[in-house]
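Results of the structural survey
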Amino acid sequence: MHKTSARFNILLILLSWLLAACAPGVAPASPTLDTAELATIVAATLSAEPPPATATPSATSPAAEALLPSAVYFLSDRSGNMQVWRLAVDSATLSQLTEVADGVDDYDIAADGQLAYVSGNQLWLRTADGEEQVLVDGSAAEPQDEGFHYSQRISAPRFTPDSARLAYALDGVHVIELDSGEDQHLLVNQLNNNDNDFIFPEELYYPETWSPDGSRLLVSIAFFEGGSLGVLRTGGAEGLVRFEAQGSLCCQAAWAPDSASVLVASPYAGIVAPGLWRYDAASGAESVLLDASDPDGGFHFVGWPLASGEGLYAFYASSGRLPEGEVPLFMVRSELADVANQTQLRPESFSIREALWAPDGSLALLIENPIVVAEGVTGGTILLVRADGSPAAPLADQAHAMRWGP
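If you're wondering where the values come from, they're calculated on a predicted model, not measured in any experiment.

1. Let's talk about the pairing of strand E7 (residues 122-126)
E7 sits mainly inside the fold: four of its five residues count as buried. Both strand E6 (residues 115-119) and E7 contribute to a ladder of five bridges, which runs antiparallel. In the sheet register, Ala116 faces E7, and the bridge partner there is Leu125. Connecting the antiparallel pair E6 and E7 is a turn made up of two residues, with Gly120 showing a positive phi of about 60°. Bridge count for E7 against strand E8 (residues 132-137) is five bridges, and the pairing is antiparallel. Paired with Gln122 across the bridge in E8 is Asp137. In this antiparallel pair of consecutive strands, E7 and E8, the connection spans five residues, and Gly130 shows a positive phi of 100°.

2. Remarks on the sheet that holds strand E26 (residues 352-357)
Strand order in this open sheet of four strands is E26-E27-E30-E31, and the pairing throughout is antiparallel. One side of each edge strand has no neighbouring strand; the edge strands of this open sheet are E26 and strand E31 (393-394). Pairing of strand E27 (residues 363-368) with strand E30 (residues 382-386), which is carried by five bridges, proceeds in the antiparallel orientation. Bridging across to E30, Ile367 finds its partner in Ile382.

3. Topic: the pattern of salt bridges
Within the structure shown, the criterion is met by eight salt bridges. Where Arg126 meets Glu132, a salt bridge forms, and the shortest distance between an N and an O atom there is 2.9 Å. Taking the relative accessible area as the measure of exposure, Glu132 reaches 37% and is therefore partly exposed. The partner of Glu335 in a salt bridge is Arg333, and the shortest N-O contact between them spans 3.1 Å. By relative accessible area, which is 43% here, Glu335 ends up partly exposed. On the basis of relative accessibility, which here comes to 23%, the residue Arg333 falls in the partly exposed class. A network of salt bridges, in which partner residues are shared, links Asp106, Asp108, Arg158 and Arg403.

4. Considering unusual backbone geometry
Even without a glycine there, the phi angle at Ser259 is positive, about 65°. By the element assignment, Ser259 lies in the loop between strand E18 (252-255) and strand E19 (261-266). The exposure class of Ser259 is buried, given its relative accessible area of 1%. The backbone phi angle of Ala401 is positive, close to 60°, even though this residue is not glycine. Mapping Ala401 onto the fold places it in strand E32 (residues 400-405).

5. Concerning the environment of Ile221
Mapped onto the elements of the fold, Ile221 is located in strand E15 (residues 216-222). The class for Ile221 is buried, based on a relative accessible area of 0%. C-alpha of Ile221 to C-alpha of Asn189: the two residues are 32 residues apart in sequence and 9.4 Å apart in space.

The rules behind each value
Residues numbered from 1 in each chain as written. Predicted model: local features only at pLDDT ≥ 70, side-chain atom pairs only at ≥ 80, totals over all residues. Heavy atoms only, no water. Buried < 20%, exposed > 50% of the residue type's maximum accessible area, 1.4 Å probe, protein only. Helix = DSSP H or I, 4+ residues; strand = E, 2+ residues; numbered from the N terminus. Pairing = 2+ DSSP bridges. Salt bridge = Lys/Arg side-chain N within 4 Å of Asp/Glu carboxyl O.

Pasting the structure below:
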């Protein structure tokens, strides 16, 4: 790992919560409950729909019996350094897709099988038939430089749903037309470097996810302290539409199926408030679906939402008091028009670092209780949990950054 200056390490701590998802375990304002007590309280707050009894997942569970709706891709250092791996729909067959000396820092998989990955500060594209090319070469940049992470580092490749365009971060947000190779620099990071000895980042931009229709790109906006989200319309004059949030905004976001709005959930208490909000993609207007607290003093913790034709799926807990440390969450479902009336889908709670829903909400892949798999990176065993309450099953280990793909 390259060493950066002490000043940059301080800034990176302040900004890093926005790069993928908010880091779990944000210190709450007033700790009152331990985890065991909270689990008992939150279970009583949900209208339970008793599922069949579940077995405690173990390393010997028959993962091959738990079929997946499509293959799942992830990063893992199981072969020595970080590479892209694929777990087939049989939930058992693993294959390593990359083998690069510098390891893979970030990646994305397209619906047509194209693979984009960042290695050695180069953005690579592998077509579905295996041909590879460097799309963007930043290998000459020096990671020790003061401004490397602000203006020279390549990250966050994101394919459109039709596989025709690729967004990525480099001094802001770029979008490449893959047929023509045209590269548009749509958002430029806002830096203040009047003092030559110190670069002050005012706003940094990173692509997050494309809307289902591919017309808009969700963008994270990192400030010196905290951050927010916005929507970039790449095909018109709309520009960046900032979400009208009060204070910092994080931590998990999901597009509505009609591409007209974005759900944002937070299961944490501290710098950001817990709750669930909806933002209009065209105007940025906010609708509060579940506020941080009710008038009676209760707190709502919501994470990893999924809006589908069947309703809203999420991981949720509520409590009359703020807990100490991370909040265990339950798998729930509700109607979009009445998100406060949840039905609990499974009896157990989860301490989640990462979650990936099936598009129809029938199951989710979780990474719980993560361990450090590389410097600054946490991961763990992929756990398959179904909404019908059937036994959970552990799949591949040493995983993070999960994606569905062909």
